[in-house]
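Architecture and fold: a report
Given next are the chains, with one letter for each unit.
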Amino acid sequence: MKTQRFIIALFALTFAFAPQSFRTASAEPKGSKYHVELISPRAGEVLMPGQVVRVEWKSVFPDVYVDLSWCETEIRLSLDGGTTFTWITGERDPREKHFDWTVPNTPTNAAVLDIRFGCLGYYPETEGLQVQSAFVISALK
């Protein structure tokens, strides 16, 4: 009988302390939310294939109380206004807020960037879709 009570008490304690002990990638983030704003390329800017452009942004990280070395930023490109995407970078240090990009030969009037952010086990990967800053990739002449 004492063993049964001990197991029940141990089971109850496990659930009582589990929420404070473990956080998962799907855990609800606390504090501020991730916010990003594209600086360059500017909305409506016309880029030429082969041109090297500095992609630059400002970002506010969520209040996750974690070393940003556990976090990453990835950038994706949409050629159809944000419906479908392709990766243009891999995982990057989120403290670096720019990179030089060679514009691909993919003409479009609706290029959009998505600057994603996430922290392994602390903050879910979150999109930073920049539809307000759509730009043009011109056709080669």
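Read on for a plain summary of the structure. (Residues numbered from 1 in each chain as written. Predicted model: local features only at pLDDT ≥ 70, side-chain atom pairs only at ≥ 80, totals over all residues. Heavy atoms only, no water.)

**A look at the packing of aromatic side chains**
- A complete count under the given rule lists five aromatic pairs for this structure.
- On the basis of an interplanar angle of 80° and a centroid distance of 6.3 Å, the ring pair of Trp101 and Phe135 is categorised as edge-to-face. On the criterion of sequence distance, the pair formed by Trp101 in strand E6 (residues 98-102) and Phe135 in strand E9 (residues 135-137) is long-range, its members being 34 residues apart. Of the two residues, Trp101 and Phe135, both sit in the buried class.
- Each member of the aromatic cluster is reached from another via a ring pair, and the members are Tyr34, Phe61, Phe117 and Tyr123.
- Above the face of the Phe85 ring, Arg76 is positioned so that its terminal group lies 4.1 Å from the ring centre.
- The ring centre of Trp87 lies 5.3 Å from the NZ or CZ of Arg76, which sits over that ring. (Phe/Tyr/Trp six-rings, centres within 6.5 Å; stacked < 30°, edge-to-face > 60°. Helix = DSSP H or I, 4+ residues; strand = E, 2+ residues; numbered from the N terminus. Buried < 20%, exposed > 50% of the residue type's maximum accessible area, 1.4 Å probe, protein only. Lys NZ or Arg CZ within 6 Å of the ring centre and 35° of its normal.)

**A look at the environment of Glu37**
- On the secondary structure map, Glu37 appears in strand E1 (residues 35-40).
- Distance from Glu37 to Trp57, taken between C-alpha atoms, is 5.5 Å for residues 20 residues apart in sequence.

**Re the nonpolar core**
- The biggest cluster of nonpolar side chains holds 24 residues, and the ones touching the most others in it are Trp101, Phe117 and Phe135.
- It is strand E7 (residues 108-119) that contributes the most residues to this core, five residues altogether.
- The contact partners of Trp101, leaving out residues within four places of it in the chain, are Leu47, Gln51, Val52, Val53, Val55, Leu77, Ile88, Phe135 and Ile137. (Core = buried A, V, L, I, M, F, W, Y, C linked by side-chain atoms within 4.5 Å. Contact = heavy atoms within 4.5 Å.)

**Some points on the sheet that holds E6**
- Within the open sheet, the three strands sit side by side as E1-E3-E6. Their pairing is antiparallel. Since the sheet does not close on itself, it has two edges, and those belong to E1 and E6, each with one partner. Averaged over all pairs of adjacent strands, the angle between their axes in this sheet comes to 30°, without regard to strand direction.
- Pairing analysis gives five bridges linking strand E3 (residues 52-60) to E6, with the strands arranged antiparallel. Bridge pairing in E6 places Val53 opposite Trp101. (Pairing = 2+ DSSP bridges. Axes fitted to C-alpha atoms, helices over the stretch in contact; angles between N-to-C directions.)

**A closer look at the pairing of strand E8 (residues 123-126)**
- The pairing of E7 with E8 spans two bridges and is classified as antiparallel. Directly across from Phe117, in E8, lies its bridge partner Thr126.
- With antiparallel pairing between neighbouring strands as the criterion, E7 and E8 make up a hairpin whose turn holds three residues, including Gly121 at a positive phi of roughly 80°.

These values are about where atoms sit, not about what they do.
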